[in-house]
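Summary of the model geometry
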Amino acid sequence: MTDPQMILGQARYGPVPENWRVFTKRRGKLSGFLHGTSHDPDPLLVITPEGAVEYANEHKPPAIVAFRELAGIELQVRGQSSSDSSMVSISVWIDLYYRDGRKAKWRSASFASDMRAVQGFIEAWGAYRAFSGR
């Protein structure tokens, strides 16, 4: 995978290749103040044909998923509701199965409720598998 910092910089300041999916949002002033991140750049998730890189805040290193390290992925969905409510809370993530036998859970730190991010990740993984012959 290309240098993650370069990917984040290019996505932040543009332009980006057509086959990248870029997700960003403004960090709220109150939220940034309460979490001590008001001077941080805004959250950014970039999905490329080689993997995903996410910047959440300066307190965490960028989260990186390199597709070349994966043996497979599996979409997971869980719903919860209380007995006195008709509302269901849905939680979505992707289980990552690494070639070395490790298993990890991928859920965007900043875009967990944006299903387009999950869809973009799955689509990029599928394209990677198709074109890499793995």
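Located above this text is the structure these notes cover.
Here we summarise the structure given alongside this text. (Residues numbered from 1 in each chain as written. Predicted model: local features only at pLDDT ≥ 70, side-chain atom pairs only at ≥ 80, totals over all residues. Heavy atoms only, no water.)

**So, the overall build of the chain**
What counts, and what does not: Think of it this way: any DSSP run of H or I at least four residues long counts as a helix, any run of E at least two long counts as a strand, and we number them from the N terminus. Relative accessibility thresholds used throughout: buried, under 20% of the residue-type maximum; exposed, over 50%; partly exposed, between the two (1.4 Å probe, protein chains only). The contact criterion used is simple: two residues touch if any of their non-hydrogen atoms lie within 4.5 Å.
Secondary structure summary: the chain contains three helices and seven strands in total. Ordered by position in the sequence, the α and β elements of the chain form the string α-β-α-β-β-β-β-β-β-α. Taken over 134 residues, the chain has a buried fraction of 36%. Within the chain, contacts between residues at least 6 apart in sequence are counted, and of these 51% link residues at least 24 apart.

**Some details on the pattern of salt bridges**
In plain terms, the rule: Put simply, a salt bridge is a Lys or Arg side-chain nitrogen that is within 4 Å of an Asp or Glu carboxyl oxygen.
Under the defined criterion, the tally for this structure stands at four salt bridges. The shortest N-O distance in the salt bridge between E123 and R21 comes to 3.4 Å. Taken as a pair, E123 in helix α3 (residues 115–132) and R21 in strand β1 (residues 21–24) lie far apart in primary sequence, 102 residues in all. Taking relative accessible area as the criterion, E123 reaches 44% and is therefore assigned partly exposed. The partner of D95 in a salt bridge is K103, with the nearest N and O atoms 3.7 Å apart.

**Let's talk about the sheet that holds strand β7 (residues 103–106)**
For the record, the criterion: Pairing between strands is defined by DSSP: at least two bridges between them are needed. Axis angles are defined between N-to-C directions and span 0 to 180 degrees, where every axis is a line fitted to C-alpha atoms and, for a helix, only to the segment in contact.
In spatial order, the strands read β5-β6-β7; together these three strands make up an open sheet with antiparallel pairing. With partners counted over all chains shown, the strands left at the sheet margins are β5 (70–80) and β7, one partner each. Direction aside, the axes of adjacent strands within the sheet are offset by 25 degrees on average. Here α3 sits on the sheet in contact with β5, β6 (89–98) and β7, set at roughly 155 degrees to β5.

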